[in-house]
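# A look at the structure
Single-letter residue listing:
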Amino acid sequence: MTLFIEQCLNGLQFGLLLFLLAAGLTLVFGIMDLVNLAHGSLYMIGAYFAATFAAWTGSFVLGAVLALVATLLVGMVVEIVAMRRLYGRDHIDHVLATFGLILFFDESVRLIWGPAGLSLPLPPWLSQPVRILPGVEYSAYRLAIIVVTAAVAAFLYVLVMRTRIGMLIRAGASNREMVGALGVNIKLLYTLVFGLGAALAGFAGLMQAPILTVQIGMGENIVILAFVITVIGGVGSIRGALVAAIFVGFIDTLGRAFFPDLLRMALSKEAAATAAPALSSMLIYLLMAIVLVVKPEGLFSASQK
Amino acid sequence: MSGKISSMLTPRNIAIFVLLAALVLLPVYTGLSGNRFMLTLFTRIVILAMAAVSLNLMLGYGGMMSFGHAAYLGIGGYAVGMLAHEGITSGFVQWPVALAASALFALVIGALSLRTRGVYFIMITLAFAQMAYYICAGIARYGGDDGLTIYKRSEFGGSINLSNKVQFYYICLALLFAAIYLVWRLVNSRFGMVIQGARSNDVRMRAIGFPTYRYKLVCFVIAGTMCGLSGALLANHTDFVSPSIMYWTRSGDLIIMVVLGGMGSLFGPVFGAVALLVFEELLPTLIKLFGTPMFGEQAARASEYWQIVMGPLLLLVVLFARGGIDGLLRKLRKKERV
């Protein structure tokens, strides 16, 4: 039972983290109609910045804040230099161009930080377990991730649904020509939205950094998951991204934890041992396939395109 | 008559002729110079060009933006690898199994994916390819993550010996030409017209009365099967197959080849494959060559990081060289007329 609660929390934590990535993707896609494969690179860069700045300043929190700002700036620069020229082009152009960006970012990181991974040590007050229920202890840091990412999700909701910028963002998603015609500086808006997406990705990266190693290519696998989430949730829908992210987080974590045991009940021990790892990493893709077959536009499709 | 010949002598046709002649004569050159590496490199190029040709059939002509095409490379490769691992080395069994497995996979994936369109289609094909990747990475019997070494290449009785490098190269080249011929016949047939019509305007094609879904599915299956064959060749070429053969970046490479060469042009993917892979080989040397006078020792170190040049270069191709190499060759022709 303790294990189950722990795994559920892990699932929630992973899901919320994925939401940060997926929200950026879905915003950028919904508003600029841009497929950004390089989103994972921004995630990686956030983690590298955090590790570096934390080592410089000697403070985890300060390092994280600096990294967040730095990723935001990198995102805005990328938008101004490259992405801006891709709006309105074919999706295949987006895929190719951002694929090129991935190569560029991976190699730049290798050039600057070297091929070996970095680690981001946690401050003592975050690295000890806390008691959340009588007899149940849980990592303080993971708990902190849950709290902080939930706060970011709430902030994002308020930003998009309750502020003027959010109104423009939503308006841009449904009809960008009209928004431009009404005198809104659409270029600046796009740069801001892309920067926001980058910052969210960087934030996800730096939150994940103390748990995993900071290494080249760390963003590539997770960004595919984020894509799966945006597709399941319906491209352009933040609400869809939240629901799908938590769903995927749970399925992935619980699947990996308990699926092998379940299989062992149904199959022989050996067959289960061979099939379990493959099947549990497939679960999410299977889920996506089922969702797309039943609802080809995703669960909460935002646009009527 | 002479007018007809001179009108055929466009820069594009000359380039195609030179490329094909170079590919045919390459083993002669490597035989004379003893440059074995070049033959190995070009065998790889020819095999991947075939995969690119198959992707071009669905992407360039059919407008189906599959981001999981490398899955078929993997399925074809694993069919050969698994059978060889079980002691069945006859190519008469291996290759048909590779083709049938890829066709079946393409049929299932295509039937599901073609229900969606746009970015959803890109993502669902990607997801299915990742699924195939994880399945192969998870099968411990066939090496799992580490891959599977193939100790014996496919055997075709006594007549053909795939271990002979020159013979193997010519077989790959012949199959590449056959694939291009097949695509040429397909796109100029009624079937091909329907596919291209569906690319331009699917709704209208359906309104005229063509069940485009079925046509597209058939196109999807043909492309997948063709790529499966090139997967079987690739496994024979490297004597090894691992899940990384179908990792999503590999699908990206195939898309690069098609777009670089020119989408929807018959020989474009071949140009693209040659350009990309030769460039990948040459770029480190080029950086060293041109960088050393300017930056000295630093350049030699920088040549390790050639992808830092490759990435932005891709971006530039996308931004400024639409239509790829084929498009550039066509433009040359237009300028001449003016």
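Remember, it's a predicted structure, so these values are computed and weren't measured experimentally.

So, how was this worked out
- Residues numbered from 1 in each chain as written.
- Chains lettered and ligands numbered in written order.
- Predicted model: local features only at pLDDT ≥ 70, side-chain atom pairs only at ≥ 80, totals over all residues.
- Heavy atoms only, no water.
- Phe/Tyr/Trp six-rings, centres within 6.5 Å; stacked < 30°, edge-to-face > 60°.
- Helix = DSSP H or I, 4+ residues; strand = E, 2+ residues; numbered from the N terminus.
- Buried < 20%, exposed > 50% of the residue type's maximum accessible area, 1.4 Å probe, protein only.
- Contact = heavy atoms within 4.5 Å.
- Buried area = accessible area lost by both parts, 1.4 Å probe.
- Salt bridge = Lys/Arg side-chain N within 4 Å of Asp/Glu carboxyl O.
- Polar contact = N/O pair within 3.5 Å; in protein donor to acceptor, adjacent residues only side chain to side chain.
- Expected span 1.5 Å × (residues − 1).

## A word on the packing of aromatic side chains
The final tally for this structure, using the stated rule, is 22 aromatic pairs over all chains. Taking 5.1 Å as the distance between ring centres and 50° as the angle between the ring planes, the aromatic pair formed by B:Y133 and B:Y247 counts as tilted. Placement of the pair is B:Y133 in helix α6 (residues 119–138) and B:Y247 in the loop between β4 (240–241) and α11 (248–261), with a sequence separation of 114 residues. Comparing B:Y133 with B:Y247 shows no difference in burial state: the two are buried. Every member of this aromatic cluster is reached through a ring pair, and the members are A:F99, A:Y285, B:F67, B:Y133, B:Y134, B:Y247 and B:W248.

## Structural notes on the environment of A:L18
All names here are of chain A. Mapped onto the elements of the fold, L18 is located in helix α1 (residues 2–32). Residues L18 and L86, spaced 68 residues apart in sequence, show a C-alpha to C-alpha distance of 26 Å. Leave out the neighbours within four places in its chain, and L18 touches I222, L225, I229, A245, V248 and G249.

## Some words on the interface of chain A and chain B
With 43 residues of chain A in contact, the opposing surface of chain B contributes 41 residues. Together, A:I92, A:L96 and A:F99 form the three largest contributors to the area buried by chain A at its contact with chain B, with a combined 15%. Here chain A is connected to chain B by zero salt bridges. Here chain A is connected to chain B by four residue pairs in polar contact (both at pLDDT 80 or more). Within the residue set of the side of chain A that touches chain B, elements represented by two or more residues are α4 (91–113), α10 (218–233) and α12 (269–294) of chain A. With 15 residues, α4(A) is the largest single contributor of residues to the side of chain A that touches chain B.

## Here we look at helix α3 (residues 60–81) of chain A
Residue and element names in this part refer to chain A. Under the 1.5 Å per step criterion, the end-to-end length of α3 is 31 Å for 22 residues, consistent within 8% with the ideal 32 Å. Buried within α3 we find F60, G63, A64, A67, A70, T71, G75, V78 and E79. Packing partners of the buried residues in α3 comprise α2 (39–57), α4, α5 (124–127), α6 (140–162) and α9 (186–208). A distance of 3.4 Å separates the backbone nitrogen of V61 from a side-chain oxygen at the start of α3, and that oxygen is part of S59.

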